[in-house]
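# Structural features, examined
Take a look at the letters that make up each chain.
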Amino acid sequence: MRVALEAVTKVYDGDVRALDDLSLEIADGEFFALLGPSGCGKTTLLRTIAGLETATSGTVRIGERDVTRLPPGDRDVAMVFQDYALFPHMTVADNIAYPLRLKKVPRAERRAKAAGTAAGLSLGPYLDRRPAQLSGGQQQRVALARAMAARPTVFLLDEPLSNLDARLRLEARTFLKKLQHDLGVTTVFVTHDQAEALALADRIAVMEDGCVRQIGTPREVFQRPANIFVAGFIGSTPMNLLEGECVPGDGDPTSSWTDEIDVAGLRLPVPEEATGLVGPGDKVIAGFRPEYVQEAADGIEGRVEIVENLGTTSLVTLATSGPNVQLTVPEDREPAIGATMRVAPRPGRTLLYRADDGDLIE
Ligand code: ATP
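Residues numbered from 1 in each chain as written. Predicted model: local features only at pLDDT ≥ 70, side-chain atom pairs only at ≥ 80, totals over all residues.

Per an unreviewed UniProt entry, the chain goes by Sn-glycerol-3-phosphate ABC transporter ATP-binding protein UgpC and derives from Actinoallomurus liliacearum.

In structure tokens, the structure reads:
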């Protein structure tokens, strides 16, 4: 089922505007991530779709139905909470069958359905155990099975992987992606982990202060962040964001097509998509990822301050006369601390943002 929010605002007591005139549409069958820093309103948005919170204004639709004022039980959604919220005194089988009991499904049918769902999630051997006798990953699967048993039209997952250790989390991530793909149920999940959102989601909404800053596929938000907030938030190493100014190019100061961007004394061509949209004197911010920085004879000069091993690459932080610049190098090419390097972004790898509002120029 499609989920749509139209101009939704949520104000909590005490004047906290957790959602601010927010609109977005999630397609039927989509795996959709709500991503953003702590306090940006992700959980509030999820709970507003679930019906656990009521929007102060605006409309929530599931399918074509206006569910804004409906209680959770009438919305045909299932929510999996961060702590899984399993019933500790019930067995795995009874936990999974619980939503069916609420729907007054006869006992024998309940047991059969619960066993079937459990088998699909490799929980067959644990049906008679209680939650405390399971690992974190198994508990997570029981919570998912319980949510699935009710055959909801929308799945809502609040930080579904946050209680698992790093190794289990990777395993559970792959599992969750396959499960969602197989079921084809519209799924909305909350995370503050950009790597998780990039890995799992069909599309991501990046949120800040109760607003959506960008909606796009993982590739779109990674390759073309729409503003400097998203640019700084997405990516395992944050994008370099350096203030600069548009200047007339050396070739012909009278014609605008030769305009260049001056960043810390380095001259960069105006990116193709920004041609004609910036002119001499305009203040800009040049964004480029550490992965796209290379050594260049006429580049920005810097002194190696920090070298961090990332596995197959190392992240080098250079102190320059302006802000620091970061680049990644192959792990066997690590520079020595204190060494001098000259670096520049690879051609075609710079994005330009407006200095005043931080929006991508395109
Ligand atoms: P986190 O990642 O830390 O869970 P979040 O992005 O999910 O954060 P929300 O939990 O939606 O953010 O909170 C958004 C804002 O609303 C925050 O400023 C929070 O303090 C506030 N808030 C959340 N729940 C309530 C409540 N019941 N009453 C008052 N304010 C609330």
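Alright, that's what it looks like, and here's the rest.
## Comments concerning the sheet that holds strand E14 (residues 283-288)
Reading across the sheet, the 5 strands line up as E13-E12-E11-E14-E19 and stay open at both edges, with antiparallel pairing between neighbours. Lying at the two open borders of the sheet, with one neighbouring strand each, are strand E13 (266-269) and strand E19 (351-354). Direction aside, neighbouring strands of the sheet carry axes that sit 40° apart on average. Of the strand pairs in this sheet, strand E11 (residues 240-247) and strand E12 (residues 260-263) are connected by 3 bridges, and their pairing is antiparallel. From the neighbouring strand, Cys246 faces E12, where its bridge partner is Ile261. (Pairing = 2+ DSSP bridges. Helix = DSSP H or I, 4+ residues; strand = E, 2+ residues; numbered from the N terminus. Axes fitted to C-alpha atoms, helices over the stretch in contact; angles between N-to-C directions.)

## A word on the UniProt feature "domain: ABC transporter" (unreviewed entry) in the chain
Those places that UniProt annotates as "domain: ABC transporter" (unreviewed entry) correspond, in this numbering, to residues 3-234. Annotation note: span residues 3-234, helix share 37%, strand share 26%, distance between end C-alpha atoms 25 Å. (UniProt positions renumbered as here; feature names shortened; annotations may be inferred.)

## A closer look at the environment of Asp282
Tracing the chain through its elements places Asp282 in the loop between E13 and E14. A tally of 19 C-beta atoms within 10 Å means that Asp282 is categorised as partly exposed. Linking Asp282 and Gly311, residues 29 residues apart in sequence, is a C-alpha distance of 40 Å. Discounting residues that sit within four places of it in the chain, Asp282 has contacts with Glu245 and Cys246. (Buried ≥ 20, exposed ≤ 12 C-beta atoms within 10 Å, placed from the backbone. Contact = placed C-beta atoms within 7 Å.)

## A closer look at the site of the ligand
Taken together, 13 residues lie around the ligand, and Tyr12, Ala18, Ser38, Thr43 and Thr44 are the ones closest in. For the shell around the ligand, the secondary-structure elements that each account for two or more residues are strand E2 (16-26) and helix H1 (42-50). For the shell around the ligand, the class distribution of residues is 4 nonpolar, 8 polar and 1 charged. (Near = placed C-beta within 6 Å. Nonpolar A, V, L, I, M, F, W, Y, C, P; charged D, E, K, R; others polar.)

## Examining unusual backbone geometry
The backbone of Lys104 sits at a positive phi, close to 60°, despite the residue not being glycine. On the secondary structure map, Lys104 appears in the loop between helix H2 (92-102) and helix H3 (107-120). Exposure remark for Lys104: the 7 C-beta atoms within 10 Å place this residue in the exposed category. Within the chain, Ala264 stands out as a residue other than glycine whose phi angle is a positive 50°. Position of Ala264 among the secondary structure elements: in the loop between E12 and E13.

## Topic: the sheet that holds strand E8 (residues 186-191)
Pairing within the open sheet is mixed, and its 6 strands lie in the order E6-E7-E8-E3-E9-E10. Each of the sheet's edge strands pairs with one partner strand only, and the pair in question is strand E6 (77-80) and strand E10 (211-216). Put simply, the sheet's adjacent strands are angled 20° from each other on average, direction ignored. The pairing of strand E3 (residues 31-35) with E8 spans 5 bridges and is classified as parallel. Residue pairing in the sheet places Ala33 in a bridge with Phe189 of E8.

## Considering the pairing of strand E17 (residues 325-330)
Across 6 bridges, the pairing between strand E16 (residues 313-319) and E17 is antiparallel. The residue of E17 that forms the bridge with Val316 is Leu327.

## Considering the nonpolar core
With 94 residues, the main nonpolar core has Ala33, Leu34, Ile96, Leu156 and Val188 as its most contacted residues. Among the elements that make up this core, the one with the highest residue count is helix H4 (residues 136-149) (7 residues). Residues contacting Leu156, with those up to four places away along its chain left out, are Leu46, Ile49, Ala50, Val77, Ala78, Met79 and Val188. (Core = buried A, V, L, I, M, F, W, Y, C linked by C-beta atoms within 7 Å.)

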